[in-house]
Amino acid sequence: MKWEDGRLLMLDQRVLPIREEWLELTAYEDVVEAIKTMAVRGAPAIGVAAGYGLALAAKHGVDRAKASQDLADSRPTAVNLFWAIDRIGAIPTWDFESVLTEAQAIEREDLAMNRTIGRNGAELIGQGFNVLTVCNTGALATAGHGTALGVIRTAHEDGKRIHVYTCETRPRQQGLRLTAYELLDEGIPFHSIADGVAASLMRAGKVDCVIAGADRIAANGDSANKIGTYSLAVQSHYHGIPFYIAAPTSTVDAKLSTGDLIPIEERSGEELTHIEGVQVGPSGTPVYNPAFDVTPGDLITAIVTEKGVHRAPYRFT
Ligand code: MRU
């Protein structure tokens, strides 16, 4: 994402890695649409986009409450969205310059937090580790560097000779499309795997740890993340493999005592029945398509934030 000449330029994640297309967003409604359709996705990136969306709203004199509400309604699970909206809501004035300055601060701070998460988390990654990850938690999902993928990136920069298994992440394939795109770009050795491969790799002793991001973390450490993350945590537990979550503290929702209270987005059944617009499932197939699941805190070995490496009982200060 880039703020340039009064508009938000956004790399369209729906068409990556086949095409690198930049969207030009000039109104806050464009940002709402980009979040809903997942042109931008990943909890921290959604928060950053919302900040710029509010800057566009202020620039065009849109009612503050309406713009905030429309952005808040775009996706329900990632708390970074609401965190960013609240943060801009706390600015006493509704003028373009102040809102833009705050949006830019949110973006700058996210990048700084990610670099620190990377540094904190790299200590958990040993020399020669095989690391398994899910979804995309890299530069595309954040203001830069990434969270779980940021930890992998920092460990690689440290010269740890790591190898990554990146789960495809059905139905939207963020792992296959976006994580593979970032790993290739960084020259980090990896294999893409179909989601169902993870358990047998673990059984074969080919996974030293699993690291995932989060969309919302409850006060007790229960963590919502991309659908399939919970099953990876169960599989890790069975095989005695450490399972880590990496996220900035802007992903912690301290108001929620447990993960049962986290709203889970359900998306269109077409995400499952169609691939690249081509129908693969029978017409009329009823689909249940939750975008996220919640991993209980007691299945998580540690949660890495910019503040450090937290273990149960969780306290994120
Ligand atoms: O539906 P998405 O692609 O927005 O889901 C993203 C994830 O689940 C990520 O793991 C999470 O947002 C962390 S991104 C640093």
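In this text, all values refer to a predicted model and were calculated from it rather than measured experimentally. (Residues numbered from 1 in each chain as written. Predicted model: local features only at pLDDT ≥ 70, side-chain atom pairs only at ≥ 80, totals over all residues. Heavy atoms only, no water.)

K.L.:
Would you mind going over the side chain of Q173 with me for this structure?
P.N.:
For Q173, the location among the structural elements is in the loop between β5 (163-167) and α7 (174-186). Under the relative-accessibility criterion, Q173 is labelled buried at 11%. In this structure the side chain of Q173 is engaged in a polar contact, spanning 2.9 Å, whose partner is the side chain of E168. When sequence neighbours within four positions are dropped, the list of residues in contact with Q173 reads E168 and L178. (Helix = DSSP H or I, 4+ residues; strand = E, 2+ residues; numbered from the N terminus. Buried < 20%, exposed > 50% of the residue type's maximum accessible area, 1.4 Å probe, protein only. Polar contact = N/O pair within 3.5 Å; in protein donor to acceptor, adjacent residues only side chain to side chain. Contact = heavy atoms within 4.5 Å.)

K.L.:
I keep staring at the site of the ligand and nothing clicks. Help me out?
P.N.:
Around the ligand, 18 residues are found, and the nearest of them are R41, A43, D215, N225 and K226. A distance of 2.9 Å is found between an oxygen atom of the ligand and a side-chain nitrogen or oxygen belonging to Q174. N225 is positioned with one of its side-chain polar atoms (N or O) 2.6 Å from an oxygen atom of the ligand. When isolated, the ligand has an accessible area of 410 Å², and the protein chains bury 99% of it. Those elements giving two or more residues to the shell around the ligand turn out to be α2 (43-59) and β9 (223-226). The class makeup of the residues in the shell around the ligand is 7 nonpolar, 7 polar and 4 charged. Each of domain 1 (2-114) and domain 2 (121-310) accounts for three or more of the residues forming the shell around the ligand. (Near = heavy atom within 4 Å. Areas by Shrake-Rupley, 256 points an atom, 1.4 Å probe, with all protein chains shown as cover. Nonpolar A, V, L, I, M, F, W, Y, C, P; charged D, E, K, R; others polar. Domains from an automatic or database assignment.)

K.L.:
Explanation requested: the state of the cysteines in the structure shown.
P.N.:
Working definition of a disulfide: a covalent bond connecting the sulfur atoms of two cysteines. Evaluation of the coordinates by the stated rule reveals 0 disulfides. The thiol of C135 is unpaired, and the distance to the nearest cysteine sulfur, on C167, comes to 10 Å. (Disulfide = S-S within 2.5 Å.)

K.L.:
Looking at this structure, I do not really get the sheet that holds strand β15 (residues 302-305). What am I missing?
P.N.:
Paired through backbone hydrogen bonds, the strands of a sheet run either parallel or antiparallel to each other. Judged by pairing direction, the sheet is mixed, and its 7 strands sit side by side in the order β6-β5-β4-β7-β10-β15-β16 without closing on themselves. Edge positions in the sheet fall to β6 (190-193) and β16 (308-310), since each has one partner strand and no second. Strand-to-strand, the axes of this sheet are offset by a mean angle of 25 degrees, without reference to chain direction. Bridge count between strand β4 (residues 130-133) and strand β7 (residues 209-212): 2 bridges; the pairing is parallel. Along β7, the bridge assignment pairs V131 with C209. The strands touched by α7 are β4, β5 and β6; relative to β5, the strand with the most contacts, the crossing angle is about 160 degrees. (Pairing = 2+ DSSP bridges. Axes fitted to C-alpha atoms, helices over the stretch in contact; angles between N-to-C directions.)

K.L.:
Could you clarify how one ought to interpret the sheet that holds strand β2 (residues 7-11) in this entry?
P.N.:
Spatially, β1-β2-β3 is the arrangement adopted by the 3 strands of the open sheet, whose pairing is antiparallel. Edge strands, defined here as strands with exactly one partner in the open sheet, are β1 (2-4) and β3 (22-25). For this sheet, the mean inter-axis angle between neighbouring strands, taken without regard to orientation, is 30 degrees. Bridge count between β1 and β2: 3 bridges; the pairing is antiparallel. Directly across from E4, in β2, lies its bridge partner R7.

K.L.:
Would you explain the environment of K66 in this entry?
P.N.:
Positionally, K66 belongs in helix α3 (residues 64-72). For K66, a relative accessible area of 44% gives the class partly exposed. Along the primary structure K66 and S283 are separated by 217 residues, whereas in three dimensions their C-alpha atoms are 38 Å apart.

K.L.:
Can you walk me through the pattern of salt bridges in this structure?
P.N.:
Where charged atoms of side chains with opposite charge meet at close range, the side chains can pair. This structure, assessed with the given rule, holds 18 salt bridges. The residue E21 makes a salt bridge to R19 at a minimum N-O spacing of 2.6 Å. The residue R87 makes a salt bridge to E102 at a minimum N-O spacing of 2.8 Å. On the criterion of sequence distance, the pair formed by R87 in helix α4 (residues 79-89) and E102 in helix α5 (residues 96-122) is long-range, its members being 15 residues apart. Through salt bridges with shared partners, one network takes in R75, R172, E265, R267 and E271. (Salt bridge = Lys/Arg side-chain N within 4 Å of Asp/Glu carboxyl O.)

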